[in-house]
Amino acid sequence: MHDEQPSYRGAWVVLGGVHLLNRTAPRRPDEPIVLVRVPPQEVCRPATTVIVRWNALGPCPAEALHPGGTRLGAARIDGGELFPDAIAGPALRGLVGTEDAPGLVPLCYLAEHPGGGYHAYAQIRFHPEDACFVRTTREPVGHGPVEELRWFDPVLTAHAESSTALNNHLRYFRKHFSGTELEIKYTLDPAPDIWSASMELLKALRDGKLEGCGPEYREEFQIHHTENHLFDVTGPEPEIGYASFIPTVTAGHVLKRKWFTEDAFARREELTPGLDITPDRFETFLREDLNLQVRAMPPFQRVRYDIQCESLRTGHVYGIFLDRCALLAAPDVVLSQCELEYLRSRSILDHDQDEILIEMKRIDSWLCEYLASHGWAAEHTFYSKRSFLRDAVALRPDLARP
């Protein structure tokens with residue numbers, strides 16, 4: 001959904017040599033810059049994240065310029081023909097020449113501000129089908145006609161100042177509330193098949209049913225299938241919570257610790273990867289190495305489908321997980337849940353942490369309504385895996401581990 005505000009007059013994808021992003025070569029005074037005028041792609045103005053899908057652009061006016069503003073040529077190019085195979089297509093090669101075409105990439109997405117100047121969004125991912133851009137300008141830069149390129153130097157400077165974040169392989173820039181898990185749970189009862197429910201929910205995000213949000217760019221879905229060996233940590237008092245050992249695909253285990261006396265929205269969390277320890281030593285390790293008082297819970301198999309939900313407005317990424325836990329010793333004892341969790345933020349601009357809480361509340365309202373409309377859950381809960389296992393043992397003492 002695009003914001004069709006008439007006061008916004010222009011949007012462009014700016015093309016240039018890849019060395020202007022990765023700084024592997026100096027700028028040249030004669031290298032071409034291409035302005036491709038496109039329909040506005042933001043969900044709001046200014047947004048934080050913009051995703052441009054080449055085939056959706058239609059015919060676009062393109063103009064090639066020298067950095068000084070000298071016009072080299074112009075053409076009308078269909079969006080799908082700009083970068084077949086992520087390489088400049090024939091029409092672009094005709095504009096910039098065969099020498100410069102091989103290194104031509106999208107540099108940024110540029111949006112004209114109604115009060116003058118432009119907001120710039122740096123390219124962080126580029127594929128034959130699409131590209132992802134994140135905003136690097138807090139305030140508009142470079143007042144004047146776009147062809148005069150007054151915005152160009154400030155945009156390159158902003159990119160250079162954050163190049164370590166913008167050019168790294170993950171493009172995950174920060175995590176707020178470090179060491180704390182923010183999570184809302186919904187118990188699914190009656191429980192749906194979580195695969196088909198996940199696919200349906202993912203389609204709803206793709207179709208724009210959650211305003212301002214969509215599946216995280218190129219990271220929209222993950223599958224987790226693990227065994228968990230969970231221990232109820234009963235003391236000492238500052239350590240109350242649980243410790244769970246999760247096997248990794250390669251070798252060893254991850255130890256997941258959570259601290260709480262009551263199930264709650266915000267809980268302290270810590271992961272310790274790479275533990276070379278066998279299941280017969282889990283309890284000994286907790287008692288002797290970590291000096292914890294623990295009670296072993298029944299091991300369970302966990303199947304979880306993660307839908308990664310990205311706010312294009314703010315750059316915050318949230319996980320919507322559909323989760324099924326079944327006891328290994330009693331597969332009929334099952335807990336099915338949907339979880340909403342803050343994951344990370346893909347923005348190099350600072351944000352107020354309270355913004356995450358406000359946005360989670362909005363997504364929570366939408367998700368609660370979505371689940372209720374399907375008859376899966378009427379309200380959220382903070383029912384944890386520890387509580388589920390405690391209740392299972394209370395009902396079935398035979399499941400308690402010695």
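## Structural notes on the state of the cysteines
Covalent bonding between the sulfur atoms of two cysteines defines a disulfide.
At step 1: Overall, the coordinates contain zero disulfides when judged by the stated rule.
At step 2: The thiol of Cys213 is not disulfide-bonded; the next cysteine sulfur, from Cys309, is found 4.2 Å away.
At step 3: Here Cys368 stays unpaired: no disulfide links it, and the sulfur of Cys338, its closest cysteine neighbor, is 9.9 Å away.

## Some thoughts on the pairing of strand E1 (residues 11-17)
At step 1: Burial runs high along E1: seven of the seven residues are buried.
At step 2: With seven bridges connecting them, E1 and strand E6 (residues 104-112) associate as antiparallel partners. Looking across to E6, one finds that Ala11 is bridged to Ala111.
At step 3: Two elements, E1 and strand E2 (residues 33-37), share four bridges in a ladder whose sense is antiparallel.

## What to know about the environment of Ala372
At step 1: By the secondary structure assignment, Ala372 is in helix H7 (residues 353-373).
At step 2: Residue Ala372 is classed as partly exposed on the basis of its relative accessible area, which comes to 39%.
At step 3: The residues touching Ala372, leaving out its near neighbours within four places in the chain, are Ala377 and Ala378.

## Quick look at the nonpolar core
A general tendency of soluble globular proteins is for nonpolar side chains to be buried together.
At step 1: In this structure, Val34, Trp54, Leu92, Tyr109 and Trp151 are the most contacted members of the largest nonpolar core, which totals 62 residues.
At step 2: Non-local contacts of Trp151, meaning those with residues more than four positions away in its chain, are made with Val14, Leu35, Leu110, Tyr118, Val141, Gly142 and Val146.
At step 3: Among the nonpolar cores identified, the runner-up in size contains 33 residues, and Cys213, Tyr305, Ile363 and Leu371 belong to it.

## Some points on the sheet that holds strand E8 (residues 130-135)
At step 1: Spatially, eight strands are ordered E3-E8-E7-E6-E1-E2-E4-E5 in an open sheet, and the strand pairing comes out antiparallel. For this open sheet the edge positions go to strand E3 (49-53) and strand E5 (71-78), each flanked by a neighbour on one side alone. Across this sheet, the average inter-strand angle for adjacent strands is 25 degrees, counted without regard to direction.
At step 2: Where E6 meets strand E7 (residues 118-126), five bridges bridge the pair, whose relative direction is antiparallel. Among the inter-strand pairings, Glu112 is bridged to a residue of E7, identified as Tyr118.
At step 3: Sheet strands in contact with helix H3 (residues 152-161) are E2, E6 and E7, and its direction is about 45 degrees off that of E7.

## Some words on the pattern of salt bridges
At step 1: The final tally for this structure, using the stated rule, is 30 salt bridges.
At step 2: Measuring nitrogen to oxygen at the nearest pair gives 3.1 Å for the salt bridge that ties Arg218 to Asp130. Here Arg218 is found in the loop between strand E10 (213-215) and strand E11 (221-235), whereas its partner Asp130 is found in strand E8, with 88 residues between them in sequence.
At step 3: Arg218 sits in the partly exposed class, given a relative accessible area of 38%.
At step 4: In this structure, Asp232 engages Arg295 in a salt bridge whose closest nitrogen and oxygen atoms are separated by 3.5 Å. Here Arg295 lies in strand E15 (residues 293-296) and Asp232 lies in strand E11, a separation of 63 residues in the sequence.
At step 5: Here Asp232 falls in the buried class, since its relative accessible area comes to 0%.
At step 6: By relative accessible area, Arg295 is classed as partly exposed at 39%.

## Focus: helix H6 (residues 282-289)
Helical periodicity: at 3.6 residues per turn, an α-helix aligns residues three or four positions apart in one direction.
At step 1: Those residues of H6 lying buried are Phe282, Phe285 and Leu286. One side of H6 carries all its buried residues, which in axial view fall inside an arc of 95 degrees.
At step 2: Looking at the buried side of H6, the elements it contacts are E11, strand E12 (241-247), strand E13 (253-259), strand E14 (266-275) and E15.
At step 3: Backbone geometry just downstream of H6 places Asn291 in the positive-phi region, at approximately 55 degrees.

## Observations regarding the packing of aromatic side chains
At step 1: Enumeration over the complete set of coordinates arrives at 18 aromatic pairs.
At step 2: Where Tyr318 meets Tyr342, the ring centres are 6.0 Å apart and the plane angle is 65 degrees; that geometry is what we call edge-to-face. You can see Tyr318 sitting in strand E17 (residues 316-327) and its partner Tyr342 sitting in strand E18 (residues 334-345), a full 24 residues away along the chain.
At step 3: Looking at Tyr318, the relative accessible area reads 0%, which means it is buried.
At step 4: Exposure remark for Tyr342: the relative accessible area of 1% places this residue in the buried category.
At step 5: Above the face of the Trp259 ring, Arg268 is positioned so that its terminal group lies 3.8 Å from the ring centre.
At step 6: The side chain of Arg304 reaches across the aromatic face of Phe321, ending 4.0 Å from its centre.

## What about the packing of helix H5 (residues 194-206) against H7?
At step 1: For the pair H5 and H7, interaxial distance at closest approach is 12 Å and the crossing angle is 130 degrees. In this view, H5 runs oblique relative to H7, as classed from their interaxial angle. The chirality of how H5 crosses H7 is right-handed. Across from Glu200, Leu201, Ala204 and Leu205 in H5, the residues of H7 making contact are Trp366, Leu367 and Tyr370.
At step 2: Its residues assigned to classes, the contact of H5 with H7 shows six nonpolar, no polar and one charged.

## Quick look at the side chain of Gln337
At step 1: Tracing the backbone shows Gln337 in strand E18.
At step 2: Separated by 2.7 Å, the side chain of Gln337 and the backbone oxygen of Tyr383 make a polar contact.

## Structural notes on the pairing of E7
At step 1: Burial within E7 is extensive, with nine of its nine residues counted as buried.
At step 2: Hairpin connection, E6 to E7: the antiparallel pair is bridged by five residues, and Gly116 has positive phi, about 110 degrees.
At step 3: Across five bridges, the pairing between E7 and E8 is antiparallel. Its bridge partner being in E8, Gln123 is matched across the sheet by Phe133.
At step 4: Where E7 folds back onto E8 in an antiparallel hairpin, the turn is made up of three residues.

The rules behind these values
Residues numbered from 1 in each chain as written. Predicted model: local features only at pLDDT ≥ 70, side-chain atom pairs only at ≥ 80, totals over all residues. Heavy atoms only, no water. Disulfide = S-S within 2.5 Å. Buried < 20%, exposed > 50% of the residue type's maximum accessible area, 1.4 Å probe, protein only. Helix = DSSP H or I, 4+ residues; strand = E, 2+ residues; numbered from the N terminus. Pairing = 2+ DSSP bridges. Contact = heavy atoms within 4.5 Å. Core = buried A, V, L, I, M, F, W, Y, C linked by side-chain atoms within 4.5 Å. Axes fitted to C-alpha atoms, helices over the stretch in contact; angles between N-to-C directions. Salt bridge = Lys/Arg side-chain N within 4 Å of Asp/Glu carboxyl O. Arc of directions from axis to C-beta. Phe/Tyr/Trp six-rings, centres within 6.5 Å; stacked < 30°, edge-to-face > 60°. Lys NZ or Arg CZ within 6 Å of the ring centre and 35° of its normal. Parallel < 35°, antiparallel > 145°, perpendicular 65-115°, else oblique. Left-handed = near helix turned anticlockwise from the far one by under 90°. Nonpolar A, V, L, I, M, F, W, Y, C, P; charged D, E, K, R; others polar. Polar contact = N/O pair within 3.5 Å; in protein donor to acceptor, adjacent residues only side chain to side chain.

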